[in-house]
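Each chain is listed here by its residues.
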Amino acid sequence: MIAILEKTPLAPYLSVSEAQQRMLQSIRPVDETIIPLEQSHSRVISQDIRSQIDWPPFATSAMDGFAVQAEDILQAAPNSPVTLEVIADIQAGSTIYQRVLAGQAARIMTGAAVPAGADTVVPVEETNFTDRSPGARAPDSVQIFRVFNTGEYVRPRGQDLLSDQVVLSAGHRLRPQDAGLLAMLGIARVPVFRRPRVAIFSTGDELLAPDQPLSPGKIHDSNSYTLAAQLAKHDVEVFPLGVVPDNFNAIQQRLDWLQDHPVDLIVTTAGVSVGNFDYMRSVIEAQGKIEFWRVNMRPGKPVTFGSYRGIPIIGLPGNPVSAFVGCEVFVRPVISRLSGEAQATRRATRAELAEPIESDGRESYLRGILTFQRGKYLARLTGHQGSGNLFSLVQANALLIVPSGVKSLPAGAEVEAWWLEG
Ligand code: AMP
Ligand code: MG
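Owing to the predicted nature of the structure, the values given are computational and were not obtained by experimental measurement.

1. Side note on the sheet that holds strand β16 (residues 265-269)
Here is step 1 of the chain: With mixed pairing, six strands are arranged side by side in an open sheet as β15-β12-β16-β20-β19-β17. Bordering the open sheet on either side are β15 (237-244) and β17 (288-293), each of which pairs with just one other strand. Taking the axes of each pair of neighbouring strands and ignoring which way they run, one obtains an average angle of 20 degrees across the sheet.
Here is step 2 of the chain: Bridge count between β16 and strand β20 (residues 311-316): four bridges; the pairing is parallel. Of the residues in β20, the one forming a bridge with Val-267 is Ile-314.
Here is step 3 of the chain: Running at roughly 135 degrees to β17, helix α5 (residues 280-287) makes contact with β12 (197-203), β16, β17, β19 (304-308) and β20 of the sheet.
Here is step 4 of the chain: Helix-sheet contacts for helix α6 (residues 320-338) involve β12, β16 and β20, and the interaxial angle to β20 is about 165 degrees.

2. Quick look at the confidence of the model for the chain
Here is step 1 of the chain: Model confidence for the chain is summarised by a mean pLDDT of 95, while 97% of its residues fall at 70 or above.
Here is step 2 of the chain: Below a pLDDT of 50 lies the segment residues 1-10, which in the model reaches zero contacts outside its immediate sequence neighbourhood of four places, other chains included.

3. Remarks on the nonpolar core
Here is step 1 of the chain: Among the nonpolar cores identified, the biggest contains 38 residues, and Leu-265, Ile-314, Phe-330 and Val-331 are the most heavily contacted of them.
Here is step 2 of the chain: Within the residue set of this core, elements represented by two or more residues are α1 (16-25), β12, α3 (223-232), β16, β20, α6 and β25 (398-402).
Here is step 3 of the chain: Among the elements that line this core, the one with the most residues is α6, at ten residues.
Here is step 4 of the chain: If near-sequence neighbours (up to four positions away) are discounted, Phe-330 is found in contact with Val-16, Ala-19, Gln-20, Met-23, Val-295, Met-297, Val-303 and Ile-314.

4. Section: empty space enclosed by the protein
Here is step 1 of the chain: Summed over the entire model, instances satisfying the criterion amount to one cavity of 30 Å³ or more.
Here is step 2 of the chain: Taken as a whole, the largest cavity spans an internal volume of roughly 50 Å³.
Here is step 3 of the chain: Taken together, Arg-43, Val-44, Arg-173, Phe-193, Arg-194, Arg-195, Pro-196, His-234, Asp-235 and Ser-339 make up the full set of residues lining the largest cavity.
Here is step 4 of the chain: Partitioned by chemical class, the residues of the lining of the largest cavity number three nonpolar, two polar and five charged.

5. Structural notes on the layout of surface pockets
Here is step 1 of the chain: By volume, the largest pocket amounts to about 420 Å³.
Here is step 2 of the chain: Secondary-structure elements contributing two or more residues to the lining of the largest pocket are β14 (219-220) and α6.
Here is step 3 of the chain: Quantified by volume, the second largest pocket comes out at close to 360 Å³.
Here is step 4 of the chain: Along its surface, the second largest pocket is lined by 16 residues, and Arg-173, His-234, Arg-332, Glu-341 and Thr-345 are the ones closest to its centre.
Here is step 5 of the chain: Its residues assigned to classes, the lining of the second largest pocket shows three nonpolar, five polar and eight charged.

6. Some points on the pairing of strand β24 (residues 376-381)
If a strand is regular, its side chains alternate between the two faces of the sheet.
Here is step 1 of the chain: As paired elements, strand β21 (residues 348-353) and β24 share two bridges and run parallel to each other. When the bridges of β24 are listed, Glu-352 appears paired with Leu-378.
Here is step 2 of the chain: As defined by bridge partners, strand β23 (residues 363-373) adjoins β24 across six bridges and the pair is classed as antiparallel. Across the sheet, residue Ile-369 finds its bridge partner in β24, namely Arg-380.

7. Remarks on the sheet that holds strand β8 (residues 141-144)
Within a beta sheet, neighbouring strands are joined by backbone hydrogen bonds and run either parallel or antiparallel to one another.
Here is step 1 of the chain: Within the open sheet, the five strands sit side by side as β7-β4-β6-β5-β8. Their pairing is mixed. Sheet topology places β7 (120-123) and β8 at the edges, where each strand pairs with a single neighbour. Averaged over all pairs of adjacent strands, the angle between strand axes in this sheet comes to 40 degrees, irrespective of strand direction.
Here is step 2 of the chain: Where strand β4 (residues 65-68) and strand β6 (residues 104-108) come together, three bridges link them in antiparallel fashion. Looking at the pairing, Phe-66 lines up with Arg-107 of β6.

8. Focus on the pattern of salt bridges
Proximity of charged atoms lets side chains of opposite charge pair with each other.
Here is step 1 of the chain: Throughout the structure, instances matching the rule amount to 19 salt bridges.
Here is step 2 of the chain: Lys-376 is the salt-bridge partner of Glu-352, the closest N and O atoms lying 3.0 Å from each other. Taken together, the positions of Glu-352 in strand β21 and Lys-376 in strand β24 put the pair 24 residues apart, joining distant regions of the chain.
Here is step 3 of the chain: Here the salt bridges do not stand alone but share partners, grouping Arg-43, Arg-173, Arg-195, Asp-235 and Glu-341 into one network.

9. Considering the packing of aromatic side chains
Here is step 1 of the chain: Per the stated rule, a full pass over the model turns up six aromatic pairs.
Here is step 2 of the chain: A connected cluster of aromatic rings, assembled from ring pairs, spans Phe-372, Tyr-377 and Trp-419.
Here is step 3 of the chain: Stacked on the ring of Phe-148, the Lys or Arg Arg-146 has its end atom at 3.9 Å from the ring centre.

10. What to know about the side chain of Arg-107
Here is step 1 of the chain: Secondary-structure assignment places Arg-107 in strand β6.
Here is step 2 of the chain: Overall, the relative accessible area of 11% leaves Arg-107 in the buried class.
Here is step 3 of the chain: Within the structure, the side chain of Arg-107 is placed 2.9 Å from the side chain of Asp-89, a separation counted as a polar contact.
Here is step 4 of the chain: A polar contact is formed between the side chain of Arg-107 and the backbone oxygen of Ala-136, at a distance of 2.7 Å.
Here is step 5 of the chain: If we skip the residues at most four places from it in the chain, Arg-107 touches Gly-65, Phe-66, Val-86, Ala-88, Asp-89, Ile-90, Phe-129, Ala-136, Arg-137 and Ala-138.

11. Focus: the site of ligand 1
Here is step 1 of the chain: Inspection of the region around ligand 1 gives 15 residues, with Glu-206, Asp-221, Ser-222, Gly-318 and Asn-319 positioned closest.
Here is step 2 of the chain: In this structure, an oxygen atom belonging to ligand 1 sits 3.2 Å away from a main-chain N or O atom of Gly-271.
Here is step 3 of the chain: Protein contacts shield 76% of the accessible area of ligand 1, which totals 490 Å² for the unbound molecule.
Here is step 4 of the chain: Among the detected pockets, ligand 1 sits in the largest pocket.
Here is step 5 of the chain: Residue assignment for the shell around ligand 1 shows that the elements contributing at least two residues are β12 and β14.

Cut-offs and rules
- Residues numbered from 1 in each chain as written.
- Chains lettered and ligands numbered in written order.
- Predicted model: local features only at pLDDT ≥ 70, side-chain atom pairs only at ≥ 80, totals over all residues.
- Heavy atoms only, no water.
- Pairing = 2+ DSSP bridges.
- Helix = DSSP H or I, 4+ residues; strand = E, 2+ residues; numbered from the N terminus.
- Axes fitted to C-alpha atoms, helices over the stretch in contact; angles between N-to-C directions.
- Contact = heavy atoms within 4.5 Å.
- pLDDT = per-residue confidence, 0-100.
- Core = buried A, V, L, I, M, F, W, Y, C linked by side-chain atoms within 4.5 Å.
- Buried < 20%, exposed > 50% of the residue type's maximum accessible area, 1.4 Å probe, protein only.
- 1 Å grid on protein atoms, 1.4 Å probe; cavity = no way out; pocket = protein on both sides within 12 Å on 5 of 7 lines; lining within 4 Å.
- Points joined across faces, edges and corners; volume = space filled by probe spheres on them.
- Nonpolar A, V, L, I, M, F, W, Y, C, P; charged D, E, K, R; others polar.
- Salt bridge = Lys/Arg side-chain N within 4 Å of Asp/Glu carboxyl O.
- Phe/Tyr/Trp six-rings, centres within 6.5 Å; stacked < 30°, edge-to-face > 60°.
- Lys NZ or Arg CZ within 6 Å of the ring centre and 35° of its normal.
- Polar contact = N/O pair within 3.5 Å; in protein donor to acceptor, adjacent residues only side chain to side chain.
- Near = heavy atom within 4 Å.
- Areas by Shrake-Rupley, 256 points an atom, 1.4 Å probe, with all protein chains shown as cover.
- Sits in = over half its atoms within 2 Å of the grid points.

What follows is the structure, given as structure tokens:
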């Protein structure tokens, strides 16, 4: 019998998700370091953090009031209060070594350690003690007007967490409340991944710095500024290397300069398409390797990934919207991996199209405006979707994603949208 081999047609370009996977396979997190807690905001922790104490570390009063034995006040009622002898006055930060015995109470402040013998705190509002002035002496006795459950208004030791419990996992990016928790647990030095170092530069003979006057045929380099700002949001050290002309040797020299200034990632824009002066790929190939070139997406198709002298390099296309989208789609997950983050996060939502949209079958990232109306987000485009139209991106508050294979979507269809955060 003759086996007929089924021929699968060669996919012309990688899909976005294949390209992302190929990139991430070769990226390892940067190394670890230990830094003071004060400097750790928004850094990624490199090891699981375990509490070394129970929290609360001692039974704590949750109210200003009187620490008592609940059994003593089982008969308390508004018209027949129970009277207890007040034997001590405990402020937050201090403890007493006396036991509270039957028939006794200790005045106690919020956050103070509940004394031995007492099991319950009666808030001051539920007693006959009415002097609210700061510094008022504790009374010699106190009347209590109702019953309290044993343990009421006491935060028992270890109620929130126990010693040796993992409180934050490796790969977590620290938020303000995490800093507070570390401080609460007495962790003043924090193991983190160091910040990834990312070199960026723009290529193109037409590019001028923004402070140079325009001349015929020239434009200002905008990509360097967009990219630096996009990267800065992800807590990386950016090394802006400026503008390099469309010239093999010039590009190679700029890349080789990095030999003495080690970085974890190189991101370039332009010169990766099929133009006569698109040297980026040949420069990479001369001292490194191209992993892939071109992805089935719009905008941003000619994106290039490889390594140059062992450093991962992402060549984004030059059109300003392509460069921006390429950074969101590819550079961001790579940075997340370099940073040691366990999970890359992105603020996304579903939105309903307020108007029909056309695509060309590539996975498309369109500039849109989301408005919240009657319980859902409605999406509109911000003008023409040319990849050079940076202003359409400036007017947008989201990228709308049309999956590959889809050429048109009617009004009312749902799309995924990525928020363009401020
Ligand atoms: P390229 O990828 O070199 O074919 O460039 C595509 C388009 O993007 C051209 O119109 C370039 O002039 C433009 N472009 C390239 N680099 C930049 C940049 N850094 N800032 C603004 N526009 C750019
Ligand atoms: Mg060019």
